[in-house]
Every structure is written in C-alpha cells, then in structure tokens.
Amino acid sequence: MRFARLTAACLALTLALATATAAAASADRPRVVVDAPDFHPLPIAVASFLAGGDARAAAEVAGVVRADLARCGLFEVLDPRSFLADPGEGLAAASIKFSRWADVGADGLVKARVSKGPGGFSADLRILDVRAGREVLALTLPATEARDLGHRIADEVVRHYTGEPGIFRTRIAAIRRTRDGRELVVFDADGQNARVLLSEKALLLMPAWHPRGGELLVTSYRSGIPELWRYRFSDKSFRRVNTGHASMGGSWSPDGSRIAFTAIDGNGTDVWTCNPDGRGARRLTTSSALDLSPSWSPDGKKLVFVSDRAGTPQLYVMNADGSQQRRITFQGSYNQTPQWSPRGDLIAFTARDERRVFDVFTISVDGGRIQRLTQDQGRTNEEPSWAPNGRMLAFTSDRSGTPQLLVADPGGDRQTVIASGAELMTPAWGPFPAD
Amino acid sequence: MTGLAHSALVRRDRLWPAVVASVAVHTVLGVLAIQRRGPVFDSAQQPIVARLVRLGEARPKEYLPRKEPEPPPADTGPETAPVTSPEPAAPEPGPGPSARPVPTTRATPGPSTARTGGTRGERRLSNLISGMKQELAAGSPDGDPLGDSGEAVGDQYLARVVRALRRNYRVPSTIGEKERLYLRGTIVLFIEPDGRVLRHEFVKRSGNPVFDEALERAVLDTRLPPPPEDAREAYRRRGLQVDFKI
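Residues numbered from 1 in each chain as written. Chains lettered and ligands numbered in written order. Predicted model: local features only at pLDDT ≥ 70, side-chain atom pairs only at ≥ 80, totals over all residues.

Visitor: Describe the sheet that holds strand β3 (residues 197-204) of chain B, listing the residues and the values that go with them.
Guide: As summarised here, the arrangement of the four strands in space is β1(A)-β4(B)-β2(B)-β3(B), forming an open sheet in which the pairing is mixed. In this open sheet, the two edge strands, each paired with only one partner strand, are β1 (31-34) of chain A together with β3 of chain B. Recorded for the sheet is a direction-independent mean angle of 25 degrees between the axes of neighbouring strands. Both strand β2 (residues 184-191) of chain B and β3(B) contribute to a ladder of six bridges, which runs antiparallel. Across the sheet, Phe190(B) pairs through a bridge with Arg199(B), a residue of β3(B). Strand contacts of helix α5 (residues 156-167) of chain B: β1 of chain A together with β4 (240-245) of chain B, with the helix running at about 35 degrees to β1(A), the strand carrying the most contacts. Lying on the sheet, helix α7 (residues 209-221) of chain B is in contact with β2, β3 and β4 of chain B; it crosses β2(B) at an angle near 25 degrees. (Pairing = 2+ DSSP bridges. Helix = DSSP H or I, 4+ residues; strand = E, 2+ residues; numbered from the N terminus. Axes fitted to C-alpha atoms, helices over the stretch in contact; angles between N-to-C directions. Contact = placed C-beta atoms within 7 Å.)

Visitor: Hey, could you go over the interface of chain B and chain A for me, with residue numbers and the actual values?
Guide: With 32 residues of chain B at the contact, the number on the chain A side is 37 residues. Among the secondary structure elements, those contributing two or more residues to the side of chain B that touches chain A are α5, β1 (170-172) and β4 of chain B. Residue contributions to the side of chain B that touches chain A peak at six residues, all from β4(B). Of the residues contributing to the side of chain B that touches chain A, the split by class is 17 nonpolar, seven polar and eight charged. Both strand β2 (residues 38-40) of chain A and β1(B) contribute to a ladder of three bridges, which runs parallel. Each residue of the ladder has a partner; that of His40(A), found in β1(B), is Pro172(B). (Nonpolar A, V, L, I, M, F, W, Y, C, P; charged D, E, K, R; others polar.)

Visitor: Please set out the domain arrangement of chain A residue by residue, giving values where relevant.
Guide: All names here are of chain A. Splitting chain A by domain gives domain 1 (42-162) and domain 2 (171-429). Relative placement of domain 1 and domain 2: their C-alpha centres are 36 Å apart. Per-element accounting of the side of domain 1 that touches domain 2 gives the leading share, three residues, to helix α2 (residues 55-71). Split into classes, the residues belonging to the side of domain 1 that touches domain 2 amount to two nonpolar, one polar and three charged. (Domains from an automatic or database assignment.)

Visitor: How would you explain the environment of Leu373(A) if you had to name every residue and give the values?
Guide: Residue and element names in this part refer to chain A. Structurally, the position occupied by leucine 373 is in the loop between β27 (370-372) and β28 (381-386). Separated by 38 residues in the primary sequence, leucine 373 and glycine 411 place their C-alpha atoms 5.9 Å from one another. Non-local contacts of leucine 373, meaning those with residues more than four positions away in its chain, are made with Val360, Phe361, Thr362, Ala408 and Gly412.

As structure tokens, then:
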C-alpha cells in the first residue's frame, strides 16, 4: 500500500514536472501571427469522361462540367491538354497515378463514366483528392439529357467542396426585346437552352421568381398601364394580379406568402405588399417622394427599396411592416435596382457614378461598405440579380453594344457573357430546382 | 652650422617622448581595430527599400468607390540584390523606322484592357499621362499605401518568417465566407539552422480539413530564412509557434 502510494506520488510528480516543462517551453516559444491569406480558386482537373456507349455524349458532359466549374469562380479548371495521365485510366483510386495529376497542379480530380440507357444518361462519378491519393466521393447520377447530367455533376462537385448546393441547374429569366415587342425568356444558368414563355407587343418588365420556382411575376403593360401578372409554368397561364393600383416591380417574399411591389396612385409612388392574389394590399411607405423597387431580405423580415426623399435616389431598408425606415447608401447620387443577397450579407444595386455611367455595386448590410463590381466596361452595367447560393450575380451590360447577359462572382471577377444577340434586360435568377 | 639650425636640432631632441607616445597610442589603436569584429553582413538579408509616395487629392467621400488598377508586377531586383546607384539613363532613341505597334489585345468578355500599341515614345507619354491621372485620381493625403512600420520595431527575423509564410498562405475560395470568420490554426515549426523545417506539429486544428491542409501546405512549401545564430538552438528544439488566421 505504501509502495503504491509512493509510486503514485512519483508518477504525479513526474507528470506535473513534464506538464510544467512543456508549458514553460510553450511559453518561451517565439510566436508569430500569419493572416490575410491569398484566396485562390481550387485547382481541379476534370478528366475526359469514360464513355459507356456514347463517346460524344461523354465529351459533351465533361465540357459542361468544366465550363460550369470555371464560371463559378471557386475553381481553377485545368486545361485538359496539359494532362499527363493515361486517358484510359480507370475510376478506382487504385488504378490512378496521382503523381501525374499532381504534376499538372491538380488538387482535386473529377472522373466519371457516362452511360446511355433507355431512360437517358447516367454517370458514375468520382471525386478524388490528388494530394491524399484517395477517393472522397463516389455516386451515380441520372439525367434525361447530357447537358443536364453535366450540370448535376458540377453541382455535386460544388456541394462536395463547399457543403452548399450548386446553382448549375437553376434558370435565369429575362426580358428580350424583339422587333415586334418583348419576350419573356428563360435560360439555363449557363445561358443555354433559351425558351420563350411569352411574346407580347406590350411592354414586359422585371420578372421575379416564386421562391419555389413554379411561377414568374412580371410587370406587363398589356392593359395599357403597368400591372403585375403571374405566369405559371405548369399550365402556361398568365393572370393579372389585381392590386387595385397601377403596379410594377413585384417581388415574392421568401415564403411566397406576400408580394412587395411599387404602386402608383394619386398619393404618389410607394412600396406596398399584398397577398399573391392581390388582396390584402398594404401601403408601407407614405412619403411624398418616389419609393420603389422593393426587394426582400432572405428572412423575410426586411425590405430594401429606393427612395428619392433625400433629393436623389438612394437605398433604404425598412421592416416588412414599413417601420424603421433608414437610409443605407450615402455615396453616389443615383442608386437603384437593389437586390438582397440570399446570404443576407450584401445588397447588390446599380449606381450612376460621377462620370454618369451605370455600374454594378454591392453594399454590406452591416457595415455599409460599398464594393464595385464593374468599371470601364461599357456605359451601362445594371440590374443585378443574385444566384440562389449568393455566390454569383447575373446582370446586363452594353459593353459589346447590345445589352447582353453576364454572370460574375460577388467581387466582380470572372465576368462571363452567357447570352447575347437581341437586347436583354431585367434578369432574374431563379431558385434551386425542387428535385 | 648657424644659430637657427642649432636651435631646431635642440627642439627636435626634446620631441622624442611625444613621438614615442604617439607611436604607442597608434599601435594600440591599430591592434584594437584589428581585433574588433567588423560589421556582420547577412547575405540573405533583404534590403529595405524605401519609397516616397506623394498621394493625390483625397477622393470626395460622396463619390462611389472605384476599382484600383492592378499593381505593376513586383520588381524582384531589390528582393535579391542590394540596390546599386544606377547610372544616369541614356536618352531614349526616337521611334525608328523599324518600330511597329504591338497588336492590340482585347479580353472578351473581361474588363476592358489598356491599349498596348504605339511607339516607345508614345508609350512613355501615355505612361506619363496615365501616371498623372492616377496621381490625381484617388488617395488619402496622409495615407501610407506601401509602408509597414510595424516591421521596423519588431524582430526582423520573425518578420521575414511571416513574409515567407504569407507568400505560400493560400486558401481555397471554396471555404465559405461565414466559416472564414472563425477559422484559426496553430502550428509549431522546428527549424533547422539552415532554415529548413525539421518537423511541424499542429497545436490546434481549425476543424476544417481543407483549411488545415492549406496551412500544412503553406508550411511545407515555405523555405524559411536561417535563424539568427544566437537563437538557432532555440528554434530547433523549442520551435516557433505560428498562429494562422484569416
């Protein structure tokens, strides 16, 4: 017993001494802080996909994946011409020579086998960590079309690396000017696969997506005055929302229960909300100035809008019931078309600068810090709309003459024209697909 | 022998104690000078290049911000070799008959790029004008865009370590903004006398494997400067604690 106590005491003393020594060494150790890292896109290689029957489809799918990943700004997609690995290399980690992928600078590796079946296509997808030399994701994805399969794969890659859903299967609505009038057009997120939903001789403006993606709210002059109309995808119906006023610029609340809009009546131009059928209209702003262009915060508790009550159009924020209205922009003399980011931290808007050109900016909701996205790229870059993950923006630009549709990341980098030709305006990026 | 010469000789005889004392003092001084160590020059030491920057008028606060132009490519000369006083530059020759404009490149659909064509004289004029424009464009009169006064008072070796690590401190953009707010990691580096990292230990991981891997890569990819002679043993045995944050 005595011996055991002695041993325990010795052990405790040794432990205490070791701890004290380690603590002393740690305390004596010089220490530095390294901050401000360089954020860089993750170098990723998308290998040529193996074909299970249709080599052309496999190549098309790989091309879509590369283009999607390159456009989103998160990845540096390596040029396939630089690859050193055997093109016939298999999917399993054991069959892959990772050193060859490391030699071309890849951190991540995307491989897939694309098969064509009676119901469409499927991909056996693998994502591999090149440095660790192991597989980190394996799953099978089905799709009816090759392009859709490519978008699905790209979405999975984004989900793997960020933990967030990708946006490559979302859609972007826009108004296209035609010789006879206007069209309501919907594009895939990469600008492909344009579908005309409506073709009108009357003015069409400002489409806005229902949060679940089944409907679009559009401002139409079909009846001679601006009014809100709802286009439903399921039955292609187009119905007027009777708000009781000339109305424009509708915006769905995040839960789809209310619509915020600008109403023009004898009392002026103000921000109102109503039920989706137009009933229960409620006026939120009462100033004699112009109050317009409302956009909901992602939690549905606030609205950002434009008002010229201070003499020039500026951005204001208020509660969803109209209380606590406060100005948030104090720079620039013409700020308009605000759109609240789905992440809630930023509001994108169009502003005219001192050279009287329009550019796209963001302002942080907390600190009011303004960041410029476009500059010296044509005379008008405007009407930003957020991707549902808040990591990209769509906007229009006349940098090449006719206004075209572009996407960029929130810093303004990787600006990519995704649709051009006829004049495009007021883009609206849709929500995540339901499936 | 004249009386004048005689008196001079007499005076010279009286000077010998002073001459002996002078020789002794100079000898002592010479010995001291030889024994004393001269200034130590560290060949790896990077020269501190000071540049005076006169900034233009402050941009009016009511103006919207402008994107700053890309900084010119870093001049590697001062990083690797001491700066020597340059010879006066010879006047540039005028545009010769063989001078041809460089083909203009235009990035599509990226930001509009500056025109690169023109003769050398035109380019110089263009640079001068653009420099003047830039000077007038923006800035704070009391700003210090390039300075880092903290380094002057800190440990110079540690400052060089931080600079070396920061060059390789690259984090993938795939890490979300919210997560960036709290990501921290601490690594202890055990440094060999020649600057190689003998081994490293994670004292605290961030919990995000991608971020931790980026830290590890920064450590492995960085060649640190050799520690000061009097601290080499300490850096080798006790190590240097590096706190990484965003």
